[in-house]
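Spelled out from the first residue to the last, the chains are:
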Amino acid sequence: MELEDFEAEDKMPESKATAATWGEVPKVLCCLCGVAIDSNPSNMCLNCLRTSVDITEGIPKECTVTWCRACERYLQPPKFWTKADLESKELLTLCLKKVKGLSKVHLVDASWIWTEPHSRRLKIKITVQKEIFQGTVIEQSAVIDYVVHAIQCEICAKVATGQEMWGCVLQLRQRVEHKRMLLYLEQLILKHGMHLDVLKIQAEPDGIDFFFDSKSPALKLLQFVVALAPCKRVDAEQLISSDLKNNTANFHYSYRLDIARMCREDILCLPRSLYSQLGGIGPVVIVAKMFSNIVIVDPKTLAAKEITAATYWKTPFAPLATTRVLAEFLVMDVEIIPGAVNGKYQLADVTVCRESEVGARDFIVRSHLGNVLKPGDSVLGYDLETLNFNNDDIEKYPKDSIPSIVLVRKHYPNQAARRRKRKWALKMLPKIKPVNMHKGQENKDAAEMEDFMDELERDDEYRRAVALYRKPKKDDELTATTAADPNEARVGLEELLDGLEDENLDDVLDELDEEED
C-alpha cells in the first residue's frame, strides 16, 4: 500500500506540468456581460471594451480654420496662406494638422463628409487605432467639425488700404544691348515653376523685377538664378513702419542680381591680368557657354577655359563686340587640320570673302567650325578690320596677335521662311510692361524674341533645358521644322509639349495691369 500511494503522489505533479507546458489561457467571465472569454487585464470582452473605452477622447471634436474671403486662401500657421479647394486633399491635410491629439493614435483613414458650401462648416470622418493592452488593438471612428473663420490676410488688407502689398523684391539686371540671357533665364524659371509664389512681375528696360510677400521665396529664386548665370548680389532694406511698444518693425527687402555683361557668341578681349592667369589663351576669345561660370574658346587653338563669377566681378569688363555687329561671309574653301578636335569643334583653315567683295579679296581664317562649314556656305563672324572699338585692353597686345576676322556660326539664308513655318512656341512670364514703353521698344523686344527662338532652333544642346510647346493647330498641319540643309539642327515633334493653350497668359497679364492701375 505504501508503494502504491507513493506512485500516485509521484504522478500528480507530472499532470500539472503537462498542462502548464500546453500554454492554456484560463477562461474568465466578462465583468459586464458575463460571457466566457480568455483572461485579459481588463476582464472584459471586445464588445464591452469598444463601448466602455474611448480612444478618441483626447482628440478635439471641434476646430477652427482661418480663411480669407478676398483671395480664398487658408491660413497654415504661423503665417503661410495656401490655396485649396473644398474637399480637396490639400485642405484635408491642412485640417488634420490642426488636430493635436492625432499623434497619440494611429490614423487609419480620413474622408470628407459633405456640407453646404455656404454653411462655413467642414466635417471630416477619421478612423484611428490604438493598442490599449498587449495584443489588444481597438479601432474607432470620430467626426471632427471645423468652423471656417473668415478674415482678411495681410496682402488683401494692404490692397484694401492702398499700401504696398509686397515685402521683398528680386531685381535681375543685365546691362547689354540684347536680352537673350534674360529670355533664357525666363524660360528656365517657367519650366521649374519658380514663379508660382510671385505676387507680380514688372518688366524693366534692362531686366525683370519679381515681387514677393516675404523673403524666403525671393531667396529661393535668387539661389536658382545664381546657379545659372554669373551674378553679383547687392542687398538693401528700407524701414516702412515700426511699433516701439511691441518692438516690431516692417521692412521692404531688395535683392539685386547683376548678370555679366555678355552672352553666348560674343567675343572678348581678355585683360592682361586675366590673360596671364588663364595661361595665355586668346587674347581674342569667343563666349561658348554661360552658366554660373563663363566658358570661353580660343578659335585659333580650340583651347577652352572657364572664368568664374568671382574672378570676373573682381575686374569686370565688357565684350569686344556683340552679335548685333555680325557680318556675313562666303566660304570659298575649307582645309581641315587633322587631330585638332575639342568636343564638337574641329580646327580648320577657312578661306572666306566678304559678301560685298566676292572675287576681290579673300581671307584665310583659323576657325573652330571646320566640321560644319563647306565651300559655298554662308558664315557669320566679326570683321575686326572694319569695327570701331572703345576698348583699352586690345591696344595692349601686339597687332599680329589680334585676328582680322573671327567666325562664329554657320548662317542659313532661309531663316525668314523657317520662322513662318515654325510649329512651336514658348510660354512667357505674365510681365507688367513699363508705363512709358513706346512702340519702337515693343518691336525691338519682338525681334529679340525671334532671334532667341532662332538660337534655340540652331543649337539642340541649348534648347534641351527649355520647354517647347506645340502650337494649337490641327494634327495634319503639324510637321517638324523645315530645313533645306540636312546638317541643320531641327526641332522635331517629339521635342514639343502640349499645354500651350491651357494657360491664357494674356488674361493673366490683363488682370495684373488692372491691379496695378
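Preceding this section is the structure that the text describes.
J.: What's the story with the overall build of the protein in this structure? I'm lost.
T.: Tallying secondary structure elements over the protein gives eleven helices and 26 strands in all. Expressed as a percentage of its 517 residues, the buried residues of the protein come to 44%. Contacts in the protein between residues far apart in sequence, at least 24 positions, make up 63% of those at least 6 positions apart. For the protein, the accessible surface area stands at approximately 29,500 Å², while carbon and sulfur atoms represent 50% of it.

J.: I would appreciate a short explanation of the packing of aromatic side chains in the present structure.
T.: Between two aromatic rings, the relevant description is the distance of the centres plus the angle of the planes. In this structure the tally under the stated criterion is seven aromatic pairs. Ring geometry for Tyr-312 versus Trp-313: centroids 5.1 Å apart, planes at 80 degrees, classification edge-to-face. Of the two residues examined, Tyr-312 and Trp-313, each falls in the buried class. These aromatic residues form a ring-pair network of at least three members: Tyr-184, Phe-452 and Tyr-462. Lying over the aromatic face of Tyr-253, Lys-215 brings its terminal NZ or CZ to 4.5 Å of the ring centre.

J.: Looking at this model, I keep getting lost on the pattern of salt bridges. Mind explaining?
T.: If charged atoms from side chains of opposite charge come close, those side chains can pair. What the rule picks out here adds up to 29 salt bridges. The residue Arg-173 makes a salt bridge to Asp-206 at a minimum N-O spacing of 3.5 Å. With Arg-173 in strand β9 (residues 168-173) and Asp-206 in the loop between β10 (200-204) and β11 (207-212), this pair connects stretches of sequence that are 33 residues apart. Since its relative accessible area comes to 24%, Asp-206 is described here as partly exposed. Here Glu-385 and Arg-361 are joined by a salt bridge, their closest N and O atoms 3.6 Å apart. A residue pair is termed long-range when its members are at least 10 positions apart, and Glu-385 in the loop between β21 (378-383) and β22 (405-411) and Arg-361 in the loop between β19 (345-354) and β20 (363-367) qualify at 24 residues. When its relative accessible area of 43% is taken as the criterion, Glu-385 is described as partly exposed.

J.: Hey, could you run me through the side chain of Arg-180 in this one?
T.: As for its placement among the helices and strands, Arg-180 is situated in helix α5 (residues 180-191). There is a polar contact of 3.2 Å between the side chain of Arg-180 and the side chain of Glu-455. Once you skip the residues sitting within four places of it in the chain, Arg-180 turns out to touch Cys-263, Arg-264, Glu-265, Asp-266, Thr-323, Phe-452, Glu-455 and Tyr-462.

J.: Would you explain the sheet that holds strand β16 (residues 294-297) in this entry?
T.: Hydrogen bonds between backbone atoms are what pair the strands of a sheet, whose relative direction is either parallel or antiparallel. Pairing in this open sheet of four strands is antiparallel, and the strands run β14-β15-β16-β17 from one edge to the other. Of all the strands in the sheet, just β14 (267-269) and β17 (304-307) have a single pairing partner and so form its edges. Averaged over neighbouring strand pairs, the angle between their axes works out to 40 degrees when direction is ignored. In terms of strand pairing, β14 meets strand β15 (residues 284-290) through three bridges, oriented antiparallel. If you follow Cys-269 over to β15, its bridge partner there is Val-284.

J.: So what exactly am I meant to see when it comes to the sheet that holds strand β25 (residues 468-470) here?
T.: Strands sit in the order β23-β25-β26 across an open sheet of three strands; the sheet is mixed. Looking at the sheet topology across the chains shown, the edges are occupied by β23 (424-425) and β26 (496-497). Summarising the sheet, β23 and β25 pair through two bridges and their orientation is antiparallel. When the bridges of β25 are listed, Ala-425 appears paired with Tyr-469.

J.: Can you walk me through α5 in this structure?
T.: Helix length check: α5 (twelve residues) gives 17 Å between terminal C-alpha atoms against 16 Å at 1.5 Å per residue, within 8%. Counting buried positions over the twelve residues of α5 gives eleven, a clear majority of the element. Taken residue by residue, α5 has Arg-180, Met-181, Leu-182, Leu-183, Tyr-184, Leu-185, Glu-186, Gln-187, Leu-188, Ile-189 and Leu-190 as its buried positions.

J.: Which parts of the structure should I look at to understand the environment of Leu-268?
T.: Structurally, Leu-268 can be placed in strand β14. Each C-alpha atom, one on Leu-268 and one on Gly-282, is 8.9 Å from the other, the two residues being 14 residues apart in sequence. Apart from the residues within four sequence positions on either side, Leu-268 is in contact with Met-262, Pro-283, Val-284, Val-285, Val-287, Ile-296, Phe-317, Pro-319 and Leu-320.

J.: Please explain the nonpolar core as it appears in this structure.
T.: Nonpolar side chains in soluble globular proteins tend to be buried together. The biggest cluster of nonpolar side chains holds 73 residues, and the ones touching the most others in it are Phe-210, Leu-221, Met-262, Leu-270, Ile-294 and Leu-426. A per-element tally of this core places α5 first, with eight residues. For Ile-294, the residues in contact, after removing those within four places along its chain, are Pro-230, Ala-260, Met-262, Val-287, Lys-289, Lys-305, Glu-306, Ile-307 and Tyr-312. Counting residues in hydrophobic clusters, the runner-up holds 33 residues, among them Ile-37, Tyr-74, Val-99 and Ile-144.

J.: For this particular structure, what's the right way to read the pairing of strand β5 (residues 80-83)?
T.: Every other side chain in a regular strand lies on the same face of the sheet, so the side chains alternate between the two faces. Two elements, strand β4 (residues 73-76) and β5, share four bridges in a ladder whose sense is antiparallel. Following the sheet pairing, Leu-75 is matched in β5 by Trp-81. Here β4 hands over to β5 after three residues, the two strands then running antiparallel side by side.

J.: Where do I start with the environment of Ala-260 in this structure?
T.: For Ala-260, the location among the structural elements is in the loop between β13 (248-259) and β14. According to the relative accessible area criterion, Ala-260 is buried, its value standing at 0%. For the pair formed by Ala-260 and Cys-231, sequence separation is 29 residues and the distance between their alpha carbons is 6.3 Å. If sequence neighbours within four positions are ignored, Ala-260 has contacts with Gln-174, Pro-230, Met-290, Ile-294, Tyr-312 and Trp-313.

Rules used throughout
Residues numbered from 1 in each chain as written. Predicted model: local features only at pLDDT ≥ 70, side-chain atom pairs only at ≥ 80, totals over all residues. Heavy atoms only, no water. Helix = DSSP H or I, 4+ residues; strand = E, 2+ residues; numbered from the N terminus. Buried < 20%, exposed > 50% of the residue type's maximum accessible area, 1.4 Å probe, protein only. Contact = heavy atoms within 4.5 Å. Areas by Shrake-Rupley, 256 points an atom, 1.4 Å probe, with all protein chains shown as cover. Phe/Tyr/Trp six-rings, centres within 6.5 Å; stacked < 30°, edge-to-face > 60°. Lys NZ or Arg CZ within 6 Å of the ring centre and 35° of its normal. Salt bridge = Lys/Arg side-chain N within 4 Å of Asp/Glu carboxyl O. Polar contact = N/O pair within 3.5 Å; in protein donor to acceptor, adjacent residues only side chain to side chain. Pairing = 2+ DSSP bridges. Axes fitted to C-alpha atoms, helices over the stretch in contact; angles between N-to-C directions. Expected span 1.5 Å × (residues − 1). Core = buried A, V, L, I, M, F, W, Y, C linked by side-chain atoms within 4.5 Å.

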